[in-house]
Amino acid sequence: MSASAGRKARVEQALRDILSEMITRDVKDPRVKAAGLVSVSKVECNPDLSVANVYISIYGATDAVADKAVVGLQGAAGFLRGPVGRALHLAHPPELRFLRDIGPEMAQKLADILREDREKAAAAGRSEKEDDTTTTEREPTRVLDDEPTKDLHPAALASEDES
C-alpha cells in the first residue's frame, strides 16, 4: 500500500469515527433525531481528500423518514465540516456528501425472510435437507475412446503434414 493510500484509509476511518460521534452528539435537526438509530457505515474519500462520501445506515425508520434524515444531514454538512477538520487537524477538510446506505437494512430483511421460510418449513414438517436443491447428483464422467489423443502442438502437426 502506498503512503498516500495509507493516509487516505486513515483519514476515512477517522472521519467515520468523528462523524459518528458528532451526528449523535451535535446534530439537533429534528429530521435526523426522528430517524432513530443513525450510524455512519462507511466513508469514501476521493484521492485528493477534497470530497468525502459519507454512507449512512438508518435502522428502524420508514423510507420517507430515512430520506428526510439524509436531507437533514446534507443540510448539516457545512456545520460539521469545520469541527471535523479541527478534530482531525486537516487544513482543508473534505466536502461532506451524505448518502443513504441500504446494505445493512437489506441484509436484515433478507435474514428475516430466510428465518420466516425456515419456520414455515418446520411448521409444515419439512427439514432443511429436503428443501436443499443446490446439491444435485452428478452424471458419470464420459469414457474416452481407447485411442490415444494426437499431439496437437503446432510443431507436431507440421511434422505430420511433412510426412
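Let me begin by describing the structure that accompanies this report. What you are looking at is a predicted structure, and each value in this text was computed from that prediction instead of being measured.

So, about the pattern of salt bridges. Tallying each qualifying case throughout the model produces 11 salt bridges. Two residues, Arg25 and Asp26, come together in a salt bridge whose shortest N-O distance is 3.0 Å. The partner of Asp63 in a salt bridge is Arg100, with the nearest N and O atoms 3.2 Å apart. In this pair, Asp63 is assigned in helix α3 (residues 63-87) and Arg100 in strand β3 (residues 95-100), connecting sequence segments 37 residues apart.

On to the packing of helix α1 (residues 3-25) against α3. As a packed pair, α1 and α3 sit with axes 10 Å apart at the nearest point and diverge in direction by 120°. The angle between the axes of α1 and α3 places the two elements in the oblique class. As for the relative orientation of α1 and α3, their crossing is right-handed in sense. Residues Leu15, Ile18, Leu19, Met22 and Ile23 of α1 form the contact with α3, whose participating residues are Leu73, Leu80, Pro83, Val84 and Ala87.

Taken together, the 8 bridges between strand β1 (residues 37-45) and strand β2 (residues 51-59) define a ladder with antiparallel strand orientation. Bridge assignment links Val40 to a residue of β2, and that residue is Ile56. The antiparallel pairing of β1 with β2 creates a hairpin that spans 5 residues between the two strands, and Leu49 there sits at a positive phi of about 60°.

Strands sit in the order β1-β2-β3 across an open sheet of 3 strands; the sheet is mixed. Single-partner strands in this sheet number two, and they are β1 and β3. The mean angle between the axes of side-by-side strands here comes to 30°, regardless of whether they run parallel or antiparallel. Of the strands in this sheet, β1, β2 and β3 are in contact with α1, which crosses β1 at around 160°. Along the sheet, α3 makes contact with β1, β2 and β3, crossing β3 at roughly 170°.

Turning to helix α4 (residues 103-123), a few remarks are in order. Given a rise of 1.5 Å per residue, 21 residues ought to cover 30 Å, and the 30 Å separating the end C-alpha atoms of α4 matches this to within 8%. Backbone geometry just after α4 places Gly125 at a positive phi near 85°.

Bringing unusual backbone geometry into the picture now. The backbone phi angle of Leu49 is positive, close to 60°, even though this residue is not glycine. You can see Leu49 is positioned in the loop between β1 and β2. A positive phi angle, near 55°, is found at His89, a position not held by glycine. Summarising the element assignment, His89 is placed in the loop between α3 and β3. On the basis of relative accessibility, which here comes to 73%, the residue His89 falls in the exposed class.

So, how was this worked out
Residues numbered from 1 in each chain as written. Predicted model: local features only at pLDDT ≥ 70, side-chain atom pairs only at ≥ 80, totals over all residues. Heavy atoms only, no water. Salt bridge = Lys/Arg side-chain N within 4 Å of Asp/Glu carboxyl O. Helix = DSSP H or I, 4+ residues; strand = E, 2+ residues; numbered from the N terminus. Axes fitted to C-alpha atoms, helices over the stretch in contact; angles between N-to-C directions. Parallel < 35°, antiparallel > 145°, perpendicular 65-115°, else oblique. Left-handed = near helix turned anticlockwise from the far one by under 90°. Contact = heavy atoms within 4.5 Å. Pairing = 2+ DSSP bridges. Expected span 1.5 Å × (residues − 1). Buried < 20%, exposed > 50% of the residue type's maximum accessible area, 1.4 Å probe, protein only.

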